[in-house]
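Each chain is listed here by its residues.
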Amino acid sequence: MKRVFSIGNPIKTDAALQEEIWQSVSAEQTMEHLPYLQVEETEEGYRFSYPLNDTTRIYGLGEQVRGINKRGFEYVSLCSDNPNHHENAHSLYGAHNFLVVSDGPCCFGLFLDTPSAVRFDCGFWNMDELVIHVPSKDMKVYFMEEDGLLEVIKAFRQLIGKSYVAPKWAFGYQQSRWGYMDEGDIRNVAKRYKELDIPLDAIYLDIDYMERFKDFTIHPERFPRFEELVADMKAEGVHLVPIIDAGVKVEEGYPVYEEGVALGHFCKNAAGEDFVVGVWPGFVHLPDMLEPDARSWFGHWYKVLLDKGIEGFWNDMNEPALFYSKEGLEQFFAYMHNLEGKNLDVNDVFGMRWMADNLANSQEDYKRFFHKVEGRMVPHDQVHNLYGYMMTRAAGEAFDEMEPDKRILLFSRSSYIGMHRYGGIWTGDNQSRWSHLLMNLQMMPSLNMCGFIYTGADMGGFGENSTEDLVIRWLGLSMFTPLMRNHAAIGTREQELYQFPHTDIMRNLVKLRYGLVPYLYSEYMKSILEETLMFTPLAFAYPEDARAAEVEDQVLVGESLMIAPVYVQNATGRYVYLPEEMTCYRFRSLEDYDVMELERGDHYLRAALGEVLVFVRPGHGLPLYTGNAGHVTEIPSYAECEGEGYAFLTGKGKNITYLLYEDDGISKAYSERKDWTPIHKQEDL
Ligand code: MIG
């Protein structure tokens, strides 16, 4: 059953595409026709509720902290520049209002398409109740009930349309750091990786490549021969991926600023003037990404960098993150001025701190500026969650025009469902903590459910100092995620793989990743083309198994594999639950691994630092490229080399076939199922 309810006068988000096949229900019938849920109209909007029993589980919600089963916490869809990814964080950078309820034989999905800040109380205030508060009377509600969890996902993913397809080179290992200051730093990273024979496909350019943080500029002293650098790196197989920030610096003579002002493409204040906020470069204006002309205008600016040979971007600060507004700053100074010379009591001190802390990303500021939406001026707070989505859409749509048949790498920090068609996401500013390694694993399936397939976390952790063992263990997870990028914040310990003594382990693990690329890319593309999960919770794959439903630290990757990364410091192994018999490959490198046939049930398995456990399901196989590739493009396609250099690791069973998806990795023509290469187990040929 698929139903869509249109309530009030919803803002067009373009999140859903294939609505025609959905049964639409008129507003008057809403209450009776939304199955299972109780709906109440409240003063500010609607309240949906559903009773939870002992075995009810809740999935989805995309980029949020905590477990795969979201029950027991309150999550708020409010795109936030929140670097504190702790257990108590209610909102991160994305707003993904899709959840799935699994309740005995019944399972249904619910998507609340509204850019307002939806509160999902998944049994937080009352353990036995799911309550969703929507602070708006304008929204679309999509309800789907299917025979199983995977079917619910498929119905939803079909509704929202095909996910963004990244170029294949973006499945290589990528190095980033906020703090690479100049050409020399970049060349050095490439050199060190090459010297150590650790494969590398991309190096990221963070804000310091720009001239005083101005989008679409290059710092002339730090990068005096930018195009030459891009070309030299490309000749070595390394792509440079620059960051683009949402705000445009206010500066006379800066063409992006001047054009934006002249064409009226910036967000306005109540008086109709271009709204001013502070971000990196000081005062900036925010392009009105929701307005189609402004979007197209901003998107075409990426051409400046495409023309210099750039083939990938990351969009940052697009929640949008605001350090302050002019108005907020004035209030702050007035407040401080009042306190000057006073004998400060506790209220003054706390007030002062509160004022300072709330200068950034203030909800008050969101009310102070406006977007042009279908001819109306709409205050930002009503459309806040769409901003990062529309910025990335700006780039994605422009790439389709400027590079109609070439995939450009694109991922964003902030997002909303719908953005998954234009780019991927990275999960923002995590920290170098073991708990964040586990969080990375737990977030992957939820992101996939919401359409985000090209995704991954900052490997090694962004904030705080990482340690060598954490980096090694994190490699053991990131080697399976489409985006495998080591990124760290300025001021933290350097965590490029060459900064640590055990380069042999690092090399082995990265090479193992390159061996896995054919399989990972194949499963990635299948997940997009057939609307399935690439990262599947055990609960979804083994619905009859109550134990599997509670496993929060193992997931399936594609059709053949289960992974169980070690995320505990100093552990030399871990418990693993097998919902069926599996073949365990304990890898130390592409060539060096143990094979164990394991029964269904619990096992304690050794996995020393540098060892990675991969479980192959019975009847399934894993094609592994065992040759030496320094870059993704050096991995020969199976079809072309007829399997030369490939191993086929299988689970238990006879007549095992794996259907490998392959394409050229760069054009937008995707291969059809009939062209996929069947790989058979050797004995059965
Ligand atoms: O407020 O560009 O999440 O990856 O290195 C920090 C500097 C701004 C936040 C991004 C991070 C990036 C950093 N940016």
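Here is a short report on the structure shown in this document. In this text the structure is predicted, and so the values were computed from the model without any measurement.

## A closer look at the overall build of the protein
Consideration 1: Within the protein one finds 16 helices and 41 strands.
Consideration 2: At 25 Å, the protein has a C-alpha radius of gyration in line with the 26 Å of a compact globule built from 685 residues.
Consideration 3: In terms of its C-alpha atoms, the protein occupies a principal-axis envelope of roughly 80 × 65 × 55 Å.
Consideration 4: Looking at the protein as a whole, 64% of its 685 residues qualify as buried.
Consideration 5: A gap of 2 Å separates the mean positions of the 63 positive and 105 negative side-chain charges of the protein.

## Focus: the sheet that holds strand 18 (residues 277–279)
Consideration 1: What the four strands build is an open sheet, ordered 16-19-18-21; its pairing is antiparallel. Of all the strands in the sheet, just strand 16 (248–249) and strand 21 (324–325) have a single pairing partner and so form its edges.

## As for the packing of helix 3 (residues 183–195) against helix 4 (residues 226–235)
Consideration 1: Running from amino to carboxyl end, helix 3 crosses helix 4 at an angle of 0°, the nearest separation of the two axes being 11 Å. Classified by the angle between their axes, helix 3 and helix 4 sit roughly parallel to one another. For the pair helix 3 and helix 4, the contacting residues are E183, I186, R187 and A190 in the first and E228, L229, D232 and M233 in the second.
Consideration 2: In the contact of helix 3 with helix 4, the residues fall into four nonpolar, no polar and four charged.

## So, the packing of aromatic side chains
Consideration 1: Per the counting criterion, the structure on display carries 52 aromatic pairs.
Consideration 2: Between F171 and Y524, the aromatic rings sit 4.8 Å apart at their centres with planes inclined by 65°, giving edge-to-face as the arrangement. Here F171, found in the loop between helix 2 (149–160) and strand 13 (173–175), pairs with Y524, found in helix 14 (residues 503–529); they are 353 residues apart in sequence, far enough to count as distant.
Consideration 3: Each residue in the set F171, Y204, W314, F411, W426, Y454, Y521, Y524, Y661 and W676 is aromatic and connected to the rest through ring pairs, giving one cluster.

## A word on the site of the ligand
Consideration 1: Taken together, the neighbourhood of the ligand is formed by 13 residues, with D206, D316, R413, D429 and H487 sitting nearest.
Consideration 2: Between the ligand and D206 there is a distance of 2.5 Å, counted from an oxygen atom to a side-chain nitrogen or oxygen.
Consideration 3: R413 has a polar side-chain atom sitting 3.0 Å from an oxygen atom of the ligand.
Consideration 4: Within the complex, the protein chains bury 94% of what would otherwise be the 350 Å² of accessible surface of the ligand.
Consideration 5: Of the residues contributing to the shell around the ligand, the split by class is eight nonpolar, one polar and four charged.

## Observations concerning the nonpolar core
Consideration 1: Membership of the largest hydrophobic core comes to 214 residues, with the highest contact counts inside it found for F48, F98, F480 and Y524.
Consideration 2: Excluding residues within four positions of it along the chain, Y524 makes contact with Y164, V165, A166, F171, I453, Y454, P482 and M534.
Consideration 3: Counting residues in each nonpolar core, the second largest holds 19 residues, with V551, V566, V576 and L613 among its members.

## What to know about the environment of E397
Consideration 1: Mapping E397 onto the fold places it in helix 11 (residues 387–402).
Consideration 2: Since its relative accessible area comes to 28%, E397 is described here as partly exposed.
Consideration 3: Sequence separation of E397 and S296 is 101 residues, and the distance between their C-alpha atoms is 7.5 Å.
Consideration 4: If we skip the residues at most four places from it in the chain, E397 touches R295 and Y422.

## Describing helix 6 (residues 292–300)
Consideration 1: Residues A294, R295, W297, F298 and G299 constitute the buried set of helix 6.
Consideration 2: Of the surrounding secondary structure, the elements contacted by the buried residues of helix 6 are strand 15 (239–245), strand 16, helix 5 (255–263), helix 7 (303–306) and helix 11.

## Points about helix 12 (residues 434–449)
Consideration 1: At M443, helix 12 shows its maximal kink, close to 30°; a proline, P445, follows between one and four residues later.
Consideration 2: Among the 16 residues in helix 12, 15 count as buried, and that is most of the element.
Consideration 3: Immediately downstream of helix 12, the backbone of G451 shows phi near 100°, a positive value.

## Focus: the packing of helix 8 (residues 326–339) against helix 9 (residues 346–357)
Consideration 1: Packing of helix 8 against helix 9 leaves a shortest axis separation of 10 Å and a crossing angle of 160°. Taken together, the axis directions place helix 8 and helix 9 in an arrangement best described as roughly antiparallel. When you trace helix 8 past helix 9, the crossing you get is left-handed. On helix 9, the residues that touch Q331, F332, Y335, M336 and L339 of helix 8 are N347, D348, G351, M352, M355 and A356.
Consideration 2: Among the residues forming the contact of helix 8 with helix 9, the class breakdown is seven nonpolar, three polar and one charged.

## Structural notes on the side chain of E311
Consideration 1: Take E311: it is sitting in the loop between helix 7 and strand 20 (312–316).
Consideration 2: Here the side chain of E311 touches K406 through a polar contact of 2.9 Å, side chain to side chain.
Consideration 3: Among residues more than four places away in sequence, those in contact with E311 are W169, K234, H239, K406, I408 and L409.

## Focus on the sheet that holds strand 37 (residues 612–616)
Consideration 1: Strand order in the open sheet made by the six strands is 30-31-32-37-34-35, with antiparallel pairing throughout. Every interior strand has two partners, whereas the edge strands, strand 30 (535–537) and strand 35 (593–598), have only one. Here the strands of the sheet are splayed against their neighbours by 30° on average, with no regard to which way each runs.
Consideration 2: Inspection of the sheet shows strand 34 (residues 582–587) paired to strand 35 by six bridges, in the antiparallel sense. Within the sheet, the bridge partner assigned to C584 lies in strand 35 and is M596.
Consideration 3: Each of strand 30, strand 31 (555–557) and strand 32 (561–563) is contacted by helix 12, which is oriented at about 105° to strand 30, the strand it contacts most.

How each quantity is defined
- Residues numbered from 1 in each chain as written.
- Predicted model: local features only at pLDDT ≥ 70, side-chain atom pairs only at ≥ 80, totals over all residues.
- Heavy atoms only, no water.
- Helix = DSSP H or I, 4+ residues; strand = E, 2+ residues; numbered from the N terminus.
- Rg over C-alpha atoms; globule rule 2.2 N^0.38 Å.
- Buried < 20%, exposed > 50% of the residue type's maximum accessible area, 1.4 Å probe, protein only.
- Lys, Arg positive; Asp, Glu negative; His and termini not counted.
- Charge placed at Lys NZ, Arg CZ, Asp CG, Glu CD.
- Pairing = 2+ DSSP bridges.
- Axes fitted to C-alpha atoms, helices over the stretch in contact; angles between N-to-C directions.
- Parallel < 35°, antiparallel > 145°, perpendicular 65-115°, else oblique.
- Contact = heavy atoms within 4.5 Å.
- Nonpolar A, V, L, I, M, F, W, Y, C, P; charged D, E, K, R; others polar.
- Phe/Tyr/Trp six-rings, centres within 6.5 Å; stacked < 30°, edge-to-face > 60°.
- Near = heavy atom within 4 Å.
- Polar contact = N/O pair within 3.5 Å; in protein donor to acceptor, adjacent residues only side chain to side chain.
- Areas by Shrake-Rupley, 256 points an atom, 1.4 Å probe, with all protein chains shown as cover.
- Core = buried A, V, L, I, M, F, W, Y, C linked by side-chain atoms within 4.5 Å.
- Bend = angle between axes of the 7 residues up to and from the residue.
- Left-handed = near helix turned anticlockwise from the far one by under 90°.

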